[in-house]
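Here's the letter readout for the chains.
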Amino acid sequence: AKQCIDISFQLDDLNGVIAAYANAGRLHLDNFSPEKAIETLEAGLLLANEQNARLRLVELLPTLAEAYIKIANFERAEKIVERVLVLSRELGDQSYVALAKSSAANLYYQKGEYLKAQYYAYAASKLVRGSEESFDFDIIIRTLLAKLQVDLELKSFQEFQQDINEALQTTQEKNAIPY
């Protein structure tokens, strides 16, 4: 991950540097190192802010919020989620709006605010289902996961079954393995 960042700096590709920070942060988070993810993502955030790279911010911020959620810093995570919700709406890209809403659902789920989590999970799912846009597989799965967690917590078993079926159908269509 550090090599990608270094190479992007050498090529003077600041957009690539920000993307490399975002990817490295995701890797750290997926490998159970939320503190290292935060350090890496905050560096990318600083550069993205300096460059006013709004698209890169919308890609980076949900992962940063997730990292703060993992260490139970809900206050910081909530500020990040609020920012990404605003930015994604301003950019007008429905996939980023769905990702931002999935992030909000995850935040409120982890905080135990299940009705808020349900609102955002269902809003994200509605965007994914109702859009003509092509969505990144990761966004689809994160949206479904948020919905499934909320369904279980609120004991919405009929919705849970429907969401499980949708998740299985989606992974079969994309020829992927759900994680």
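Residues numbered from 1 in each chain as written. Predicted model: local features only at pLDDT ≥ 70, side-chain atom pairs only at ≥ 80, totals over all residues. Heavy atoms only, no water.

Bringing the overall build of the chain into the picture now. When helices and strands are counted, the chain shows nine helices and zero strands. Ordered by position from the N terminus, the helices and strands of the chain form the series α-α-α-α-α-α-α-α-α. The C-alpha atoms of the chain give a radius of gyration of 16 Å, which matches the 16 Å a tight globule of 179 residues would have. In terms of overall dimensions, the chain has a C-alpha envelope of 55 × 35 × 30 Å along the principal axes. When burial is assessed residue by residue, the chain has 47% of its 179 residues classed as buried. In the chain, of all internal contacts separated by at least 6 residues, the share reaching a separation of at least 24 is 56%. (Helix = DSSP H or I, 4+ residues; strand = E, 2+ residues; numbered from the N terminus. Rg over C-alpha atoms; globule rule 2.2 N^0.38 Å. Buried < 20%, exposed > 50% of the residue type's maximum accessible area, 1.4 Å probe, protein only. Contact = heavy atoms within 4.5 Å.)

This part is about the packing of aromatic side chains. Counted by the stated rule, this structure contains three aromatic pairs. An aromatic cluster of at least three residues, connected via ring pairs, comprises Tyr-108, Tyr-119 and Tyr-120. (Phe/Tyr/Trp six-rings, centres within 6.5 Å; stacked < 30°, edge-to-face > 60°.)

Turning to the pattern of salt bridges, a few remarks are in order. Applying the stated rule across the entire model yields eleven salt bridges. Here Glu-78 and Lys-111 are joined by a salt bridge, their closest N and O atoms 3.0 Å apart. You can see Glu-78 sitting in helix α5 (residues 74–91) and its partner Lys-111 sitting in helix α6 (residues 94–111), a full 33 residues away along the chain. One salt-bridge network, in which partners are shared between bridges, spans Glu-78, Lys-111, Glu-113 and Lys-116. (Salt bridge = Lys/Arg side-chain N within 4 Å of Asp/Glu carboxyl O.)

Further remarks concern the environment of Tyr-122. Structurally, Tyr-122 is set in helix α7 (residues 114–130). Here Tyr-122 falls in the partly exposed class, since its relative accessible area comes to 27%. Sequence separation between Tyr-122 and Gln-161 is 39 residues, and the spatial gap between their C-alpha atoms is 15 Å. When neighbours within four sequence positions are excluded, Tyr-122 is seen to be in contact with Lys-147, Asp-151 and Glu-159.

With that settled, consider the packing of helix α3 (residues 34–51) against helix α4 (residues 54–70). Interhelical geometry of α3 versus α4 gives an angle of 150 degrees and a closest axis separation of 9 Å. Relative to α4, the element α3 lies roughly antiparallel. For the pair α3 and α4, the crossing hand works out as left-handed. Contacts between α3 and α4 involve Pro-34, Ala-37, Ile-38, Leu-41, Glu-42, Gly-44, Leu-45, Ala-48 and Asn-49 from the first element and Leu-57, Leu-60, Leu-61, Thr-63, Leu-64, Ala-67, Tyr-68 and Lys-70 from the second. For the contact of α3 with α4, a count of residues per class yields twelve nonpolar, three polar and two charged. (Axes fitted to C-alpha atoms, helices over the stretch in contact; angles between N-to-C directions. Parallel < 35°, antiparallel > 145°, perpendicular 65-115°, else oblique. Left-handed = near helix turned anticlockwise from the far one by under 90°. Nonpolar A, V, L, I, M, F, W, Y, C, P; charged D, E, K, R; others polar.)

With that settled, consider the nonpolar core. The biggest cluster of nonpolar side chains holds 42 residues, and the ones touching the most others in it are Leu-61 and Leu-64. Among the secondary structure elements, those contributing two or more residues to this core are α2 (14–30), α3, α4, α5, α6, α7 and α8 (137–153). Here the element with the most residues in this core is α4; it accounts for nine residues. Residues contacting Leu-61, with those up to four places away along its chain left out, are Leu-45, Ile-80, Arg-83, Val-84 and Leu-87. Within the second largest apolar cluster, nine residues are counted, among which are Leu-99, Leu-127, Ile-140 and Ala-167. (Core = buried A, V, L, I, M, F, W, Y, C linked by side-chain atoms within 4.5 Å.)

Remember, this is a structural readout, not a statement about activity or role.
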